[in-house]
Amino acid sequence: MRSRGKETSVSWKSLCVYKCVSSTSLFLSDLLYVLTTMIIILIWCFSIDWSMQEAAKRSCNVHDGVDGRSIEALETDCDNGGLFKSQFGCCPHKECSLDDFPFHLRSGAANVVPPKICFNNTIIMGGVRGNSGQGLNIVIINSQTGKILRSNYFNLKSEGHEELLEYLKLIKPGNIILVASHINPETKLTDEIKDIFAGFGSTMIGSLNPMDSWVFAGAYGMKKVSPFEKLIQNDLKNNAYGDWPEMGEIMDCFPKV
């Protein structure tokens, strides 16, 4: 009887050891799977970030100086900010005459890259400021002094058009308007709003559709067609990002009014 009891005890111990080893093996197998998945995700994120940094470097060609000042004297965030920090926040420098203001507009790309508005080689909306949003991003500027008067974005998909209309009616003679769209700029644009933009020099506002990419620079009472406008329409056959067109971008010199 004692011999059987010992045999039974040994069998139970062996069974327990077997189960423990099996459980440990399954746990290690699951842990290895999770770690492998995390490593793959990190490599994928790094490759995307590296590609974005390379694209940004190509768009951020910095000149030797602006209006006699060194690049170090100008505000910029084009320097390498770290492994996973996107360089799409940088503000490329543009040289202009003393009678012009340099500016850079870029619409958002899909629902990933936010829009950006730069004026006088300084970021006003988007980039590292993180103050841009869906819809229309608009900056109002004094065309003589270059002073930023107002900046805001209007998500017409979730809000009414009244706030945008009131904002546009505050623009006065001698004001420059800079616009960059993101995701859905067209929703709830009334004929009155479109007429106001046309008065600033826009010829493409009437053709703006949902999910188009649109950038525009104009002025109050421009009385002529603005040369600073780009519209890339949403076309599933030709879109750069599936359901989304490529980003619209303008970098130029705006004359003092």
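Everything below is about the structure shown above.
Just so we're clear, the structure is a prediction, and the values are computed from it rather than from any experiment.

Draft legend 1. Representation of the overall build of the protein chain. Helix and strand counts for the protein chain stand at three helices and 11 strands. Traced from its N-terminal end to its C-terminal end, the protein chain shows the element sequence α-β-β-β-β-β-β-β-α-β-α-β-β-β. A buried classification covers 40% of the 257 residues belonging to the protein chain. Put simply, of all contacts in the protein chain between residues at least 6 apart along the chain, 61% involve residues at least 24 apart. If you sum the accessible surface of the protein chain, you get close to 14,800 Å²; carbon and sulfur atoms cover 57% of it.

Draft legend 2. Quick look at the sheet that holds strand β8 (residues 175–182). With antiparallel pairing, five strands are arranged side by side in an open sheet as β7-β6-β8-β9-β10. The open sheet is flanked by β7 (148–154) and β10 (229–232), the only strands paired with a single partner. Taking the axes of each pair of neighbouring strands and ignoring which way they run, one obtains an average angle of 10 degrees across the sheet. Sheet topology note: the strand β6 (residues 135–142)/β7 ladder contains six bridges and is antiparallel. Within the sheet, the bridge partner assigned to I141 lies in β7 and is I148.

Draft legend 3. Seen up close, the nonpolar core. Of all hydrophobic cores here, the largest spans 22 residues; its most connected members are I138, L164, L168, I177, F197 and W214. Among the elements of the structure, β6, α2 (162–169), β8, α3 (191–199) and β9 (213–219) are those that each provide at least two residues to this core. Looking at this core element by element, the count peaks at four residues for α2. The next biggest cluster of nonpolar side chains, apart from the first, holds 19 residues, and it includes F103, F119, M125 and L178.

Draft legend 4. Seen up close, the pattern of salt bridges. Applying the stated criterion across every chain, the model contains one salt bridge. When the shortest N-O distance is used, the salt bridge between E192 and K169 registers 3.2 Å. You can see E192 sitting in helix α3 and its partner K169 sitting in helix α2, a full 23 residues away along the chain. Residue classification places K169 among the exposed residues on the basis of a relative accessible area of 54%.

Draft legend 5. Up close: the side chain of S226. In this fold, S226 is placed in the loop between β9 and β10. S226 sits in the buried class, given a relative accessible area of 5%. One polar contact links the side chain of S226 to the main-chain carbonyl oxygen of A217, over a distance of 2.5 Å. Among the polar contacts listed, one links the side chain of S226 to the backbone nitrogen of F228, at a separation of 3.1 Å.

Draft legend 6. How the structure looks around the state of the cysteines. Across all of its chains, the model carries one disulfide by this definition. Note that C96 is cross-linked by a disulfide to C253, the S-S spacing being 1.9 Å. With the S-S bond torsion at -85 degrees, the cross-link from C96 to C253 turns out left-handed. Of this pair, C96 sits in the loop between β2 (69–70) and β3 (100–106) while C253 sits in strand β11 (residues 249–255), and the two are 157 residues apart along the sequence. Exposure remark for C96: the relative accessible area of 11% places this residue in the buried category. You can call C253 buried: its relative accessible area is 16%.

Criteria and thresholds
- Residues numbered from 1 in each chain as written.
- Predicted model: local features only at pLDDT ≥ 70, side-chain atom pairs only at ≥ 80, totals over all residues.
- Heavy atoms only, no water.
- Helix = DSSP H or I, 4+ residues; strand = E, 2+ residues; numbered from the N terminus.
- Buried < 20%, exposed > 50% of the residue type's maximum accessible area, 1.4 Å probe, protein only.
- Contact = heavy atoms within 4.5 Å.
- Areas by Shrake-Rupley, 256 points an atom, 1.4 Å probe, with all protein chains shown as cover.
- Pairing = 2+ DSSP bridges.
- Axes fitted to C-alpha atoms, helices over the stretch in contact; angles between N-to-C directions.
- Core = buried A, V, L, I, M, F, W, Y, C linked by side-chain atoms within 4.5 Å.
- Salt bridge = Lys/Arg side-chain N within 4 Å of Asp/Glu carboxyl O.
- Polar contact = N/O pair within 3.5 Å; in protein donor to acceptor, adjacent residues only side chain to side chain.
- Disulfide = S-S within 2.5 Å.

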